[in-house]
Amino acid sequence: MNTDNPVNFVTDAISSCESTGLLLEEFGKHNNDPYLKINFEEKPDLSAGWLRLWKSIDGSPLDRMVYLHLSAGPALTQLLFIFGKPESTFPHMHLQLVNLPGEGLVYNIDILPRIDPIEDFEWFNRVYRQLRRPYRKATQEEQNSCAQAPANPALAVLMSPWGIASQRTDNDELLRVEPQLNEYMKHYLNLTSQSDWSSKDPSAQKQRDRKHLNLFLSDELDPRAWNGVYRVVGKKMGMQIKHIMLNPLN
């Protein structure tokens, strides 16, 4: 993951996913077009970014991967979501980088829990045990802003306690935490090669996943992010982007 240019932070993660054979196929890959072209609402002839979409193929524990690249003047948002199958317990991956004016940035990475710890604590050991060391390394260094409390506890409760999320910071911090972010991504890719992510009750698991994602991507819990999207591309396009993130392909 090359963070000399922080814009590469998320796209390098995508390259890692593709090179390790995650059993995903991209829509539009053959003609090099993104799945969705995004324009400014007020200037419909001017590009504001794009959305790329991958679907799983036979044998993958995943359902889909979504990459959003959204530019609003001096601010650039890159968001990568990798979703496990909705009826399974395979975790989702969330990765984001926002480049802000004045060389500032915000970053976060997390592997989202798919079950409750009281129901199956061994699942948490399986998914998060190897993240303990990189998490401590990143968050116990006082000069890193990710050592602070989460900026939005209402949203953080839907994520894992092992998520690494910065406040507004700079590229120097991103470079410091690069090894830990690499470890998170490597661990997640290793999980895809493991078997037995089945749920005891696939129907209930699918319903839980839908509720989880509806909350996680809701306007109410993350109004600053979604209102920012709507200001750039309009409510109709913003809801289309959210629909793609919410809805399984398989």
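The coordinates are above.
**Things to note about the pattern of salt bridges**
If charged atoms from side chains of opposite charge come close, those side chains can pair.
Then, number 1: The final tally for this structure, using the stated rule, is 7 salt bridges.
Then, number 2: Among the salt bridges present, the one from Glu 26 reaches Arg 52, with a minimum N-O distance of 2.7 Å. Of this pair, Glu 26 sits in strand S1 (residues 24-26) while Arg 52 sits in strand S3 (residues 47-56); the two residues are 26 residues apart in sequence, bridging distant segments of the chain.
Then, number 3: When the shortest N-O distance is used, the salt bridge between Arg 114 and Asp 209 registers 3.2 Å. Of this pair, Arg 114 sits in the loop between strand S7 (104-112) and helix H2 (121-128) while Asp 209 sits in helix H6 (residues 202-216), and the two are 95 residues apart along the sequence.
Then, number 4: When its relative accessible area of 4% is taken as the criterion, Asp 209 is described as buried.

**Quick look at the packing of helix H7 (residues 223-233) against helix H8 (residues 235-246)**
Then, number 1: Look at H7 against H8: their axes get within 7 Å of each other, and the N-to-C directions meet at 130°. Taken together, the axis directions place H7 and H8 in an arrangement best described as oblique. Along its contact with H7, which presents Trp 226, Val 229, Tyr 230 and Val 233, the element H8 presents Lys 235, Met 237, Gly 238, Met 239, Lys 242 and Met 245.
Then, number 2: Split by residue class, the contact of H7 with H8 holds 7 nonpolar, 1 polar and 2 charged.

**Quick word on the nonpolar core**
Then, number 1: Counting 38 residues, the largest nonpolar core has Phe 9, Leu 80, Ile 82, Tyr 107 and Leu 174 as the members making the most contacts within it.
Then, number 2: Elements with a minimum of two residues in this core: helix H1 (8-19), strand S4 (62-72), strand S5 (75-84), strand S6 (92-100), S7, H2 and helix H5 (171-191).
Then, number 3: Among the nonpolar cores identified, the runner-up in size contains 29 residues, and Leu 112, Leu 155, Phe 216 and Tyr 230 belong to it.

**Focus on helix H3 (residues 132-139)**
Then, number 1: Within H3 the residues assigned to the buried category are Pro 134, Ala 138 and Thr 139. Seen along its axis, H3 keeps its buried residues to an arc of 115°; they face one direction.
Then, number 2: Residues of H3 that are buried make contact with strand S8 (164-165) and H5.

**As for the packing of aromatic side chains**
Then, number 1: Applying the stated criterion to the full structure yields 10 aromatic pairs.
Then, number 2: Consider the rings of Tyr 128 and Trp 162, whose centres lie 4.4 Å apart with planes at 5°: the pair is stacked. You can see Tyr 128 sitting in helix H2 and its partner Trp 162 sitting in the loop between helix H4 (153-156) and S8, a full 34 residues away along the chain.
Then, number 3: Three or more aromatic residues link up through ring pairs in this structure, and these residues are Trp 123, Phe 124, Tyr 128 and Trp 162.
Then, number 4: Above the plane of the ring of Phe 83 lies Arg 64, whose end atom (NZ or CZ) is 3.8 Å from the centre.
Then, number 5: The ring of Tyr 230 has Lys 235 sitting right over it, with the charged end atom 5.2 Å from the ring centre.

**Observations concerning the environment of Ala 156**
Then, number 1: Summarising the element assignment, Ala 156 is placed in helix H4.
Then, number 2: Taking the C-alpha atoms as reference, Ala 156 lies 34 Å from Gly 28; in sequence the two are 128 residues apart.

**Some points on the pairing of S5**
Then, number 1: Taken across its 10 residues, S5 has 8 buried, putting it largely inside the fold.
Then, number 2: Both S4 and S5 contribute to a ladder of 10 bridges, which runs antiparallel. Across the sheet, the residue bridging to Tyr 67 is Leu 80, located in S5.
Then, number 3: The turn joining S4 and S5, which pair antiparallel and follow one another in sequence, is formed by 2 residues; a positive phi near 65° is taken by Gly 73.
Then, number 4: Bridge count for S5 against S6 is 7 bridges, and the pairing is antiparallel. By the bridge assignment for S6, Thr 77 is matched with Val 98.

Reading the values: the criteria
- Residues numbered from 1 in each chain as written.
- Predicted model: local features only at pLDDT ≥ 70, side-chain atom pairs only at ≥ 80, totals over all residues.
- Heavy atoms only, no water.
- Salt bridge = Lys/Arg side-chain N within 4 Å of Asp/Glu carboxyl O.
- Helix = DSSP H or I, 4+ residues; strand = E, 2+ residues; numbered from the N terminus.
- Buried < 20%, exposed > 50% of the residue type's maximum accessible area, 1.4 Å probe, protein only.
- Axes fitted to C-alpha atoms, helices over the stretch in contact; angles between N-to-C directions.
- Parallel < 35°, antiparallel > 145°, perpendicular 65-115°, else oblique.
- Contact = heavy atoms within 4.5 Å.
- Nonpolar A, V, L, I, M, F, W, Y, C, P; charged D, E, K, R; others polar.
- Core = buried A, V, L, I, M, F, W, Y, C linked by side-chain atoms within 4.5 Å.
- Arc of directions from axis to C-beta.
- Phe/Tyr/Trp six-rings, centres within 6.5 Å; stacked < 30°, edge-to-face > 60°.
- Lys NZ or Arg CZ within 6 Å of the ring centre and 35° of its normal.
- Pairing = 2+ DSSP bridges.

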